[in-house]
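Coordinate inspection notes
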Amino acid sequence: MSREPQPNQLSTTLANHTIPLHSTNPGHALDDLTPLTAALDGVRVVGLGEATHGTREFFTLKHRLVEFLVTQLGFTVFAIEAGWSACRAVDDYVVHGTGSAAEVLAKLGYWTWDTEEVLALIEWLRAHNADLPLGQRVRFRGVDPVLERAGTEAIAGYLDTVDSARATAFRGAVKALRAEFTKLSVGRIISEAFRQLWRKIPGVRPGAAQSEVLAARAVVAETVAWLAAHPADNDGWREAEWHAWAVDRAAEIRTLPTLGQAGGHLRDRTMAEALRRILAEPGARAMVWAHNGHLAAATRSGKEAALGAELRDWLGDGYYALALVTNQGGFQAMKLGTSELAEFELDPAEAGTLEWQLAQAGGDHLLDLRAAGADPVLREWLDGKQRMRAYGSVIGFWPALKKETVSVRLGAEFDGIAYLDRTTRARPRTDADRKSGADSRGGGV
């Protein structure tokens with residue numbers, strides 16, 4: 001029977017394997033990240049995780065990692081947990097200079113990314129691309145299946161030119177598939193739970209609202225199939241077809257319970273499908289910005305898998321999952337029952353947790369778990385279960401929730417860890433920021 005390493009022994013061994021971070025801010029020299037070069041040899045996808053969707057230093061460190069991956073290792077695509085269709089406008093900006101960074105970021109429709117930090121990353125990508133040949137420019141892609149106007153109107157607009165009746169039916173179906181609600185509350189969670197239980201009772205038929213959703217989903221599926229069966233040699237068809245698969249998956253997700261696991265599983269599977277499409281280009285290497293939970297490489301439930309597990313099955317060691325965690329500090333999230341962003345404060349990590357253990361190693365640092373696993377002391381630690389913090393985009397009952405952790409086997413779920421001792425809230429952009437940014441247009445090809 002194996003024996004758990006003693007705390008002092010583990011801390012000392014961890015400290016011997018850490019890669020100290022000189023800065024979390026982009027624009028600094030990248031020498032401290034050089035040890036990652038060997039770890040990422042042969043890797044096609046790097047997952048850049050985060051324990052929250054609203055921590056400034058997570059975002060700035062990931063920006064810095066993107067600079068390293070692009071300029072030192074030749075990564076070609078930046079992908080983010082945002083809509084496949086809406087990110088097309090951001091790609092047009094970073095590749096061609098179309099519009100402005102502030103304008104295209106606002107149109108994403110994700111409060112999580114509508115921050116000063118993500119804006120700075122988009123501006124860096126444009127500056128990096130500006131003087132490069134078109135074929136060498138870094139692309140910007142979304143991997144989330146969302147019913148977005150950019151995608152649905154690309155399809156409907158093309159249909160207007162070839163089959164107006166089909167266009168009208170498609171627009172009606174999209175309208176019927178709109179989200180049921182835009183904010184979460186305790187009442188809505190309870191109501192949704194009862195709806196899920198009711199639907200599982202044998203013999204229960206869908207209600208009128210659900211029947212309408214199912215019918216609308218069938219129209220979308222038929223429309224997408226029709227597009228594929230009737231190709232045309234023009235830009236309108238090619239644009240519609242580019243968006244069609246994501247619109248189809250988003251419509252399917254809409255038929256599933258809003259808060260149930262089935263929709264979440266299909267979402268992760270679809271994000272993996274997006275990456276397969278992104279990596280279809282020869283030599284493509286992608287950086288994926290998402291929550292730690294999506295990027296975990298061994299998380300499964302029944303026959304379903306998280307995005308990271310899908311990537312592990314597909315790419316093996318060609319996928320590298322890097323989790324970002326913090327010991328203490330602030331972050332922003334949506335407050336349960338409202339549509340308002342709020343700041344939440346994390347106390348120093350409790351003894352025995354992953355974050356506490358990493359704090360004992362000292363300072364902000366990276367830990368390459370693949371290399372560390374060769375050490376017998378760390379191998380035993382990595383194979384065991386660790387308690388780790390994880391928070392989503394909506395927070396309720398904070399005094400109790402902030403003490404909650406998830407149990408993970410680090411060696412199975414992640415290939416690397418970035419630990420930051422103290423962090424702060426991401427800086428949301430204001431309406432004034434968006435207005436002033438929208439007046440500044442980028443140029444270029």
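Residues numbered from 1 in each chain as written. Predicted model: local features only at pLDDT ≥ 70, side-chain atom pairs only at ≥ 80, totals over all residues. Heavy atoms only, no water.

What to know about the overall build of the protein chain
Short version of the rule: Each helix is a run of H or I in the DSSP string that is no shorter than four residues. Each strand is a run of E no shorter than two, and both are numbered from the N terminus. Note on classification: 1.4 Å probe, protein chains only; a residue is buried when its accessible area is under 20% of the maximum for its type, exposed when over 50%, partly exposed between these limits. Residue contacts follow a heavy-atom distance rule, with two residues in contact if any of their heavy atoms lie within 4.5 Å. Reported accessibility uses the Shrake-Rupley method at a 1.4 Å probe radius. Residues are deemed covered only where the shown protein chains occlude them.
Along its length, the protein chain carries 20 helices and 14 strands. With 445 residues in all, the protein chain has 51% of them scored as buried. Of all intrachain contacts in the protein chain linking residues separated by at least 6 positions in sequence, the fraction that spans at least 24 positions is 79%. Carbon and sulfur atoms form 53% of the exposed surface of the protein chain, whose accessible area is close to 19,800 Å².

Some words on the side chain of Glu81
Convention followed: Whenever a nitrogen or oxygen atom comes within 3.5 Å of another N or O atom, the pair is scored as a polar contact, on the condition that within protein one atom can donate a hydrogen and the other can accept it, and that pairs from neighbouring residues in sequence are kept only if both atoms are in side chains.
In this fold, Glu81 is placed in strand β3 (residues 77-83). When its relative accessible area of 5% is taken as the criterion, Glu81 is described as buried. Polar side-chain contacts of Glu81 include one of 2.9 Å to the side chain of Arg267. Looking at Glu81, its side chain comes within polar contact range of the main-chain nitrogen of His291, at 3.2 Å. For Glu81, the contacting residues outside a window of four places in its chain are His53, Tyr110, Trp113, Val143, Asp144, Arg267, Met271, Trp289, Ala290, His291 and His294.

Describing the pattern of salt bridges
Note the threshold: The working definition used for a salt bridge is a side-chain nitrogen of Lys or Arg within 4 Å of a carboxyl oxygen of Asp or Glu.
By the definition in use, this model includes 25 salt bridges. In this structure, the salt-bridge partner of Glu50 is Lys62, at a minimum N-O distance of 2.5 Å. Residue Glu50 is located in the loop between β2 (45-48) and α3 (56-71), and its partner Lys62 is located in helix α3; the two are separated by 12 residues in the primary sequence. Overall, the relative accessible area of 0% leaves Glu50 in the buried class.

Side note on unusual backbone geometry
Glycine aside, residues mostly have negative phi angles, and peptide bonds mostly take the trans form. In the Ramachandran plot, Phe397 falls in the positive-phi region, its phi being about 55 degrees despite a non-glycine side chain. With respect to the helices and strands, Phe397 occurs in the loop between β12 (394-395) and α18 (398-401).

Some details on the confidence of the model for the protein chain
Where we set the bar: Each residue gets a pLDDT score, which is the predictor's confidence in that residue and runs from 0 to 100.
For the protein chain, the average pLDDT comes to 89, and 87% of its residues sit at 70 or higher. When the criterion is pLDDT under 50, residues 188-194 qualifies, and its contacts beyond four places in sequence or with other chains add up to 7 contacts. Contacts of residues 438-445 to residues separated by more than four positions or lying in other chains number 20 contacts, the stretch itself having pLDDT below 50.

Re the packing of α3 against helix α6 (residues 116-129)
Rule in force here: In this description, a line fitted to the C-alpha atoms serves as the axis of each element, helices being fitted only across the stretch in contact, and the angle between N-to-C directions of two axes falls anywhere from 0 to 180 degrees. In these notes the angle categories are as follows: under 35 degrees is roughly parallel, over 145 is roughly antiparallel, 65 to 115 is roughly perpendicular, and the rest is oblique. By definition, turning the near helix anticlockwise from the far helix through less than a right angle yields a left-handed crossing, and turning it clockwise yields a right-handed one. The residue classification treats Ala, Val, Leu, Ile, Met, Phe, Trp, Tyr, Cys and Pro as nonpolar and Asp, Glu, Lys and Arg as charged. All others, Gly included, are polar.
For the pair α3 and α6, the least separation of the axes is 9 Å and the interaxial angle reads 15 degrees. In this view, α3 runs roughly parallel relative to α6, as classed from their interaxial angle. Along this stretch, α3 crosses α6, giving a crossing that reads as right-handed. Here Arg56, Phe59, Thr60, His63, Val66, Glu67, Val70 and Thr71 of α3 lie close against α6, whose contacting residues are Glu117, Val118, Ala120, Leu121, Trp124, Leu125 and His128. For the contact of α3 with α6, the residue count by class is 8 nonpolar, 4 polar and 3 charged.

Observations concerning the environment of Asp268
By the element assignment, Asp268 lies in helix α12 (residues 261-278). A relative accessible area of 7% places Asp268 in the buried class. For the pair Asp268 and Val143, spaced 125 residues apart in sequence, the C-alpha separation works out to 9.2 Å. Excluding residues that lie within four positions of it along the chain, Asp268 makes contacts with His294, Ala305, Ala306 and Leu307. Reaching out from Asp268, the side chain makes a polar contact with the side chain of His294 at a distance of 3.1 Å.

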